[in-house]
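# Structural overview
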Amino acid sequence: MRRIVRFLLGGFVAYLLLGFVILPPVVHGVAAWVAPRFLSAPLEIAAVYFNPLTLKASIRGLTLGDPLNPVVGFEKLDVNLAWDSVRRGHLHVQSVTLEAPRVDALLDKDGQLNLMGLLKPMPEQPNGADVETDSATDGTTPFAVTIDEIRVEDGLFGFTDDQMTGRDGKPLSVILSGFNLGISSLGLPTSTTDLRLNTSIGKQGRLGIQGSIRLPQGDVTATVDVASVDLTTLQPLLDQLTWLHLDQGILSTRLAVARNSETGLTATGQLGIESLRLDDVRTDKPVVSWNALNLVGMNFSEKDGHFSIKELLLSGPDIRVAIDRNMQVNLAQFMIENEGQASAAPADEDEASQPIIVDIGKIRIADGRMDFSDHSFQPGFATEVVNLQGDITGISTSGKSDAAVAIRGQVDRYAPVRISGHLNPLQPEANTDIGLSFHNVELTTLTPYSGRFAGYAIRKGRMNLDLNYRIQKGQLQASNKLVLDQLQLGNTVDSDEAPDLPLRLAIALLKDRNGKIDIDMPIQGDLDNPEFAYWGAVGKALMNMVVNIAAAPFNALASLVGGDAEQMEKVAFLPGDTLLSQDQQKILNTLGSALNERPGLMLEVSGGADRLADWPLLQSQQLEATLKRLWQVRQTVSGETTADTLEQVLVPADERPALLRDYGRQLKIADIDNVPDDELQATVLAAIPYDEMAMYQLAQQRARSIKDFLVDQAEVPAERVYLMSSVIGEQAGDRVDSPMSLGAL
């Protein structure tokens, strides 16, 4: 009995010596001897402990790599084995605790990961070497392992990518600190394992994961919480791809994630990015910023190929749109084009997956702002749209439904802007009906454009613009309703891009008595036609309108009152007469009404006379006047009573031959006394010399008759009717025209 006790006691002591004294240095020595065969970096272990009574093994102070700056290491690793492993026939670990692990991963400029460099290359297997088989397929029972609890405490994991270096020379770097991981009830080959993870990301971010994993199926359910992650750590990535600088931005999200073999990956939750600001590194000016972007009600299904967002809330967005001197828009110039960058090879058709359908129930914009500037010309143009808010609902990449748009804002604080309607974001040319409304826009802000394209500055005015675009199967039906209120042009601007157009006259013809210009300009076109350009069509239509109005101003004026433009642009007089006929008075009344509707117009009247039509009558009138004066002289000499005015003088028929001969002598007609009486009048008329002054006086009197009627009868202000130089022609018609023209005051 004593022998048995001594034997058991000796065995127990030997067991203790083996566990406490012999095994730790042996393990330590074996590790030091074996490590160089598999590791290319030095392995250092401060101490190894084993408690044979509790089956607890510990490794302290392990480092791999430079001891002063190790790539991998930890302060302490404890493994607690359970005694029932022997009885149950499988490995049972009560707990595994890893304290203060450190990993410093580096991807160098050649794309080599330093962690892979810690291992020496494995020798190739010779031909015919045994290949390890899976126990699940060879019929053997797989070795079972149960670990009650795994804990990782206060870990520090860093990753640096030297291939992704920013403009400041700093590489992309991500650090997870305070890394704590808890895994419970892990069993192989089957188990349902709970997992808990909590770590800091960077200086202020937090990541939390809690869930379970079902083995061997790999089914996962988990909640993921990300809070206050600083997105500026991604700046080196932006530097590689763009000209943007991420000045600030905070990411937070909460997701419920699940994955199983039947449904694939599913996820629900929300995501937010706060206080984001992107600057252009070339100009050091802001490009895009917002106070908050929140994606609410996210839902993803891998099986259905569907990602939906119930509501996207964008608060305080601020975007800067700028056109540079080369007509390039800043938003299209932020991507960096890498020379020699090979395009990705197209995926095989068999491997190409179906695109994921994205649905967004509503995009809500609040307190937005857009700054627009155009530096493509001098002096340039700038304006801002503020208080942007509204909704875009029903967005889908399926292309089966239209999105409804309702957005409003103000241009320069006081001019309301509205955008409303519907469109298909993927196929806008298939079905679109969008209206844009700009009201009370101060036209003086558009002076840079008016000077560039029209050659005039704008002194005063406001604009209301209502646009509507309807597109059906590529066919555009657009309406452009423009109202200009109290428009006044300023000084001329020297511009090579401004056509030579009588713009002031066109404005005067279009502006009504209330100072408003109302233009309705429809545009139609085929968007599939490469030669059709919408804004080019609008510009051409406006130019044609101005040219047509200026070329035939009386047509525009006549359309206001239903008059005849051809009759309104001239007044016809009977030869030798200055009186207005009834028909001409009606025409002038109509013209006066039209002029009163367009107070910015002036009328220029040129009295007309015709040598062939008017002069013969003027000769006759001059002859009769001379005969009356000669008769008055005779009556005065003989002491007879004479008429008070020349018009009242009546020449007796029997006195006419003598008076004609007296006048003929004044005209120095040779042998006038021998001319028969019946030929006297014709002879004297033929001898009266052409009087240019009398013709001009006739023309001027006709112009005065026109102005007098317009002022006295049609109530046109006298300062708007100008008498121009007279026109003497040779038409020999039954009417003599006095032409008129229109101008701008």
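None of the values given here were measured: they were computed from a predicted structure. (Residues numbered from 1 in each chain as written. Predicted model: local features only at pLDDT ≥ 70, side-chain atom pairs only at ≥ 80, totals over all residues. Heavy atoms only, no water.)

### Some words on the confidence of the model for the chain
When the pLDDT values of the chain are averaged, the result is 87; 93% of them are 70 or greater. Scored below 50 in pLDDT, residues 340–345 shows 0 contacts in the model against residues more than four places distant or in partner chains. (pLDDT = per-residue confidence, 0-100. Contact = heavy atoms within 4.5 Å.)

### Looking at the pattern of salt bridges
Considering all chains together, one arrives at 27 salt bridges under this definition. One salt bridge in this structure joins Glu-597 and Arg-513, with 2.9 Å as the shortest N-O distance. With a gap of 84 residues between them, Glu-597 in helix H11 (residues 582–597) and Arg-513 in the loop between helix H7 (503–510) and strand S23 (516–526) connect regions that are remote in the sequence. On the basis of relative accessible area, Glu-597 is assigned to the partly exposed category, the value being 28%. (Salt bridge = Lys/Arg side-chain N within 4 Å of Asp/Glu carboxyl O. Helix = DSSP H or I, 4+ residues; strand = E, 2+ residues; numbered from the N terminus. Buried < 20%, exposed > 50% of the residue type's maximum accessible area, 1.4 Å probe, protein only.)

### Examining unusual backbone geometry
Negative phi is the rule for most residues except glycine; trans is the rule for most peptide bonds. Residue Pro-189 is reached from Leu-188 by a cis peptide bond, and omega for that bond is 15 degrees. Along the chain, Pro-189 turns up in the loop between strand S7 (171–188) and strand S8 (191–201). The backbone of Ser-185 sits at a positive phi, close to 60 degrees, despite the residue not being glycine. Relative to the helices and strands, Ser-185 is located in strand S7.

### Things to note about the nonpolar core
By size, the foremost hydrophobic cluster in this structure holds 104 residues, and its most contacted members are Phe-554, Leu-557, Leu-588, Leu-591, Leu-603, Ile-706 and Met-740. The element that contributes the greatest number of residues to this core is strand S21 (residues 456–472), accounting for 7 residues. Among residues more than four places away in sequence, those in contact with Leu-591 are Phe-554, Leu-557, Met-568, Leu-603 and Met-740. Judged by nonpolar contacts, the second largest core, of 24 residues, contains Leu-630, Trp-631, Val-651 and Ile-688. (Core = buried A, V, L, I, M, F, W, Y, C linked by side-chain atoms within 4.5 Å.)

### As for the sheet that holds strand S26 (residues 721–729)
Spatial strand order, S24-S27-S25-S26: 4 strands in an open sheet with mixed pairing. On the outer flanks of this sheet lie strand S24 (570–573) and S26, each paired with one strand and no other. The average angle at which neighbouring strand axes cross in this sheet is 20 degrees, direction not considered. Sheet contacts for H7: strand S25 (601–610) and strand S27 (736–744); angle to S27, the most-contacted strand, approximately 95 degrees. Relative to S24, H11 is tilted by about 165 degrees, and along the sheet it contacts S24, S25 and S27. (Pairing = 2+ DSSP bridges. Axes fitted to C-alpha atoms, helices over the stretch in contact; angles between N-to-C directions.)

### Points about helix H12 (residues 611–638)
With 28 residues, H12 should cover 40 Å at 1.5 Å per step; its first-to-last C-alpha distance of 39 Å lies within 8% of that length. In the core, the buried residues of H12 are packed alongside S25, helix H13 (656–666), helix H14 (677–687), helix H15 (692–712) and S27. At the N-terminal boundary of H12, the capping side chain belongs to Asp-610, with an oxygen 2.9 Å from the backbone nitrogen of Leu-612. Remark: Gly-639 follows H12 within two positions and exhibits a positive phi of approximately 80 degrees. (Expected span 1.5 Å × (residues − 1). Polar contact = N/O pair within 3.5 Å; in protein donor to acceptor, adjacent residues only side chain to side chain.)

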